[in-house]
Amino acid sequence: MNSFSRRITSEAAMALLCLALTFIFFQSALFPRTKTFQYGDNMLQYYPWMHKLADDWRALAPPLWDFSVEGGFPFSGEWNTAAFYPVNILYVWLTGIPTPVKLDVLILFHFAAAMWGMSLFLRQRGVERWPSLFGGAVFCWIGPIAHRASGQANIFAGLIYLPWILYFFERGFAAKNAWRNFWTGLAGLTLALSLLAGHPQPFIHNSLMLGLFAVFLLFEKRKPVLSWTIDLCRAVSALLTVAVIAFLFAYIQLASSHEYFARAYRWIGLANPVKALQTMMPLEVYNRYSLSFPDVFSVITGRSGALDGGTLYITITALICACLGLGVPGTWRWFVLTITGFILLVALAGHTPFGWLAYRLPLLNMVREPVRILYLYQFCFATLAASGLQMALNGIPRRGGRFTIFVIVMSIFACEAQENGFPSRGPSTNSPLTADQAYRKTPLITFLEERNRADPGMYRVLARPKDVIPPNSGDVFGFSTVLGYRSSMLIGYFDLLNTDWSFSSQAFDQVGARYVVTDKPNGDLTFLSSFNDLLLYERPAPRPVFRWSGSPDQAAAGTIGLVEWRRNGVNLQVATNQPLKLTFAETNYPGWHVRINGVATAIDSRWPHFMSVTVPSGTSTVQWSYRPWWLIPGTCCWLLGAVMLTAMKLSVLRERR
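Residues numbered from 1 in each chain as written. Predicted model: local features only at pLDDT ≥ 70, side-chain atom pairs only at ≥ 80, totals over all residues. Heavy atoms only, no water.

Draft legend 1. Structural context of the overall build of the protein chain. Within the protein chain, the regular secondary structure consists of 24 helices and 17 strands. Relative to the globule expectation of 26 Å for 657 residues, the C-alpha radius of gyration of the protein chain, 27 Å, shows essentially globular dimensions. In terms of its C-alpha atoms, the protein chain occupies a principal-axis envelope of roughly 95 × 55 × 55 Å. Going through the 657 residues of the protein chain one by one, you find that 56% of them count as buried. A sequence separation of at least 24 residues applies to 72% of the contacts in the protein chain between residues at least 6 apart. (Helix = DSSP H or I, 4+ residues; strand = E, 2+ residues; numbered from the N terminus. Rg over C-alpha atoms; globule rule 2.2 N^0.38 Å. Buried < 20%, exposed > 50% of the residue type's maximum accessible area, 1.4 Å probe, protein only. Contact = heavy atoms within 4.5 Å.)

Draft legend 2. Quick peek at the sheet that holds strand β3 (residues 264-266). Here we have three strands laid out as an open sheet, ordered β4-β3-β6, and antiparallel in their pairing. With partners counted over all chains shown, the strands left at the sheet margins are β4 (274-275) and β6 (488-490), one partner each. Pairing analysis gives two bridges linking β3 to β4, with the strands arranged antiparallel. Looking at β4, one finds that Y265 is bridged to K275. Along the sheet, helix α11 (residues 228-261) contacts β3 and β6; its crossing angle with β6, the most-contacted strand, is approximately 70°. (Pairing = 2+ DSSP bridges. Axes fitted to C-alpha atoms, helices over the stretch in contact; angles between N-to-C directions.)

Draft legend 3. Representation of the pattern of salt bridges. All chains considered together, the criterion is met by 19 salt bridges. For R486, the salt bridge identified is with E70, shortest N-O distance 3.1 Å. Pair noted here: R486 is in the loop between β5 (460-464) and β6 and E70 is in the loop between β1 (65-66) and β2 (73-74), with a separation of 416 residues, a long-range link. You can call R486 buried: its relative accessible area is 6%. Ionic pairing is found between K581 and D604, a salt bridge with its closest N-O pair at 3.0 Å. (Salt bridge = Lys/Arg side-chain N within 4 Å of Asp/Glu carboxyl O.)

Draft legend 4. Structural detail: the pairing of β5. Burial runs high along β5: four of the five residues are buried. Sheet topology note: the β5/strand β7 (residues 513-518) ladder contains five bridges and is parallel. Across the sheet, residue R464 finds its bridge partner in β7, namely T518.

Draft legend 5. A look at the packing of helix α9 (residues 182-196) against α11. Running from N to C, α9 and α11 point in directions that differ by 35°, and their axes come no closer than 7 Å. You can see that α9 and α11 cross each other, and the crossing is right-handed. Every residue of α11 that contacts α9 at T184, G185, A187, G188, L189, L191, A192, L195 and L196 is listed here: A238, T241, V242, I245, A246, F249, A250, Q253 and L254. The residue makeup of the contact of α9 with α11, split by class, is 13 nonpolar, five polar and no charged. (Left-handed = near helix turned anticlockwise from the far one by under 90°. Nonpolar A, V, L, I, M, F, W, Y, C, P; charged D, E, K, R; others polar.)

Draft legend 6. View of a nonpolar patch on the surface. Taken together, the side chains of I300, I316, I320, L324 and M391 present a nonpolar region at the surface, about 410 Å² in accessible area. The leading source of residues in the nonpolar patch is helix α14 (residues 316-325), at three residues. Inspection of the secondary structure puts I320 in helix α14. (Patch = residues over 30% accessible without salt bridge, like charges linked within 9 Å, V, L, I, M, F, W, Y side chains within 5 Å. Areas by Shrake-Rupley, 256 points an atom, 1.4 Å probe, with all protein chains shown as cover.)

Draft legend 7. View of the environment of G211. Summarising the element assignment, G211 is placed in helix α10 (residues 200-220). In the structure, G211 is positioned 45 residues away from L166 in sequence and 9.8 Å away in space, judged by C-alpha atoms.

Draft legend 8. Local environment of the sheet that holds strand β16 (residues 610-615). The sheet built from three strands is open, its strands ordered β10-β13-β16 with antiparallel pairing. Across the chains shown, the open sheet's two edge strands, defined by having one partner strand only, are β10 (546-548) and β16. The mean angle between the axes of side-by-side strands here comes to 25°, regardless of whether they run parallel or antiparallel. With six bridges connecting them, strand β13 (residues 580-587) and β16 associate as antiparallel partners. Each bridged residue has a counterpart across the sheet, and for F584 the counterpart in β16 is M611.

Draft legend 9. Structural view of the packing of aromatic side chains. All chains considered together, the criterion is met by 55 aromatic pairs. Seen from their ring centres, W164 and F168 are 5.7 Å apart, and the 40° between their planes marks the pair as tilted. Note that W164 and F168 are positioned in helix α8 (residues 162-173) at a spacing of four residues, about one turn of the helix. Using a relative accessible area of 13% as the deciding quantity, one classes W164 as buried. One aromatic cluster is present, formed by W65, F67, F546, W565, F584, Y589, W592, W624 and Y626 through successive ring pairs. When the ring centre of Y589 is taken as origin, the NZ or CZ atom of R263, which lies over that ring, is 5.9 Å away. Cation over ring: R514 sits above Y459, and NZ or CZ is 4.7 Å from the ring centre. (Phe/Tyr/Trp six-rings, centres within 6.5 Å; stacked < 30°, edge-to-face > 60°. Lys NZ or Arg CZ within 6 Å of the ring centre and 35° of its normal.)

Draft legend 10. The nonpolar core, seen in detail. Core analysis: the largest hydrophobic core is formed by 211 residues, its most contacted members being F111, F134, W141, F169, L582 and W624. Apart from the residues lying within four places of it in its own chain, the contact partners of F169 are W183, A187, L210, F213, A214, L217, A238, L239 and V242. (Core = buried A, V, L, I, M, F, W, Y, C linked by side-chain atoms within 4.5 Å.)

Draft legend 11. Here's a closer look at helix α4 (residues 100-124). Counted at 1.5 Å a residue, the expected span for α4 with its 25 residues is 36 Å, and the 36 Å between its end C-alpha atoms agrees. Burial analysis of α4 places 19 of its 25 residues in the buried class, which makes it a mostly covered element. Positive phi shows up at G126, right after α4, with a value of about 105°. (Expected span 1.5 Å × (residues − 1).)

Draft legend 12. Representation of helix α5 (residues 129-140). Compared with the 16 Å implied by 1.5 Å per residue over twelve residues, the 17 Å span of α5 between its first and last C-alpha is a close match. Most of α5 sits inside the fold, with ten of its twelve residues counted as buried. Residues of α5 that are buried include every one of P131, S132, L133, F134, G135, G136, A137, V138, F139 and C140, and no others.

Draft legend 13. Molecular detail of the environment of G330. Summarising the element assignment, G330 is placed in the loop between α14 and α15 (332-348). With relative accessibility at 40%, the residue G330 sits in the partly exposed group. Sequence-wise, G330 and G172 are 158 residues apart; in three dimensions their C-alpha atoms are separated by 22 Å.

Draft legend 14. Fine view of unusual backbone geometry. Cis rather than trans, the peptide bond between F31 and P32 has omega equal to -15°. Mapped onto the elements of the fold, P32 is located in the loop between α1 (3-25) and α2 (41-57). Across the junction of R464 and P465, the peptide omega takes the value -5°, indicating a cis bond. One can find P465 in the loop between β5 and β6. At A82, a residue that is not glycine, the phi angle is positive and equals roughly 50°. When you line up the elements, A82 lands in the loop between β2 and α3 (86-95). Overall, the relative accessible area of 3% leaves A82 in the buried class.

Draft legend 15. Spatial organisation of the pairing of strand β9 (residues 534-538). For β9, the tally of buried residues reaches five of five residues, placing the bulk of the element in the interior. Neither face of β9 is open: one carries L534, L536 and E538, the other L535 and Y537, and all of them are buried. With four bridges connecting them, β7 and β9 associate as antiparallel partners. Across the sheet, T518 pairs through a bridge with L535, a residue of β9. Between strand β8 (residues 526-531) and β9, which follow one another and run antiparallel, lie two residues, and N532 among them has a positive phi close to 55°.

Interpretation in functional terms is not warranted from these geometric data alone.
This is the structure we're talking about:
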């Protein structure tokens, strides 16, 4: 076996070891299954959206439009859905329609990838094998990253790429031609994956850390024989290569999301929604998700009053090792401490003058919760903890003794992490707020599905309050809901509903809200049935999703026959004895096309809320389809990125000959 084969075998063993340790640490999510990551936003968003993604991609159709939530919305435009994240696509192809267990396993694979990537990065920085595993565990088993896994899996999946990005970039930067090196290209690919995973926050912070790391490498690896100009050009060219590759792979998501957010409100839970491209949150909301000065002591106590997992706690074991790591010679520790100070100032937000400045920094102010940057602090202290353990082990002469100390330290750390994080504090599978419980096929769900089969897709369900059934249930079950659950909503749809939120609202008539699920009696609606503590009513005058516009006499002149819902489109048969306007109560959005009897027909754009088209007299087949302009260019960018990476790899192979 040659040296290359030995390296591959050794690294494969490390990857399997990371996977095994991850499964052991988080075993309560598997055997016996008492804890789960499918909780909170993961239950409300991640779980149903993965159902939609699996249903479409397994049929070889990109999930572009979602008919089952609100007045329809561009599924891929809401980047939290991770519609183009290759890992999710491959996983659902291999495993089928998601279940809570399958998605928990997918999250565990991401944990193992984070641990392995951190180990690779640390070994590249001079840390030995066993301490690098400890650093990987500190990075992801406790603190902001572990917290995010059970809160928002789409953000968590983007965070885990940070050590991979820096590992690939450093390898590429050390090469002769950094700008066209394969490793530099892989840094761009992994940076793109941190966006495609489903949220811009990891992409923003990973890019920030990459830029700072590039500056550090520029000083650390400068060659005395070369001028500063040459070194600087080398660093800039490498970063440009990363940017180009990342843009090519992320373009399809960026184009889709920009089109969507230009027409949507963001953070619709606020008293006054913010237009999505207006990226700055109100300052009082931004400061709400920040550290306060007492929270800094959470590094020792583990107790923090900050919202959304804002803590500095990495366990006492890891903190001691990190303190030892400060004694390791070299410039790396100073870089890490500088970054940590910067991160803390950003996380403190309005509690310091610098926080006020960070609120106005482009890109950083797109992240509405400043505490989310703390995973970079976790990364920095994980590197210090690994270096500190390395220094301690170097004082032990025998290899067996070093391994024994490593096992003891790792075990103590794991016990502390379990005591203060997942799984001991993780959500129980018996909680009604987990996917295991919330998406059970209840008699109410069965009843609504039967009603939907009687009129396929023609009416929608209104839940009040909206969490009496999971708001995105339409992505899992066979019916459509008036309201979904996410931070954004198309402006036209929101403004229509915002005119009147009462059960008698004409806006609810327009969107086809026929059924009402509520927990309180209502004498103005027609009672249908009760299901445990929930009551099902029927509204008196909902209009179907497909209907004829005009006077009642004109509408009576036409009939709507078979409606066939497809992925990203719908076909229907209609008949009328005079030209009539057919309204499709689906959001009027760029990318929609209609053909009548095979002939392309213009969609009436005068009505801002829904779509309509004039149908000629006689029997007609009307075909609606959603084909956005960016789909083909986005696919071509993916192919171009793959070609460029292949060319970089071939160039490396030629140079080795």
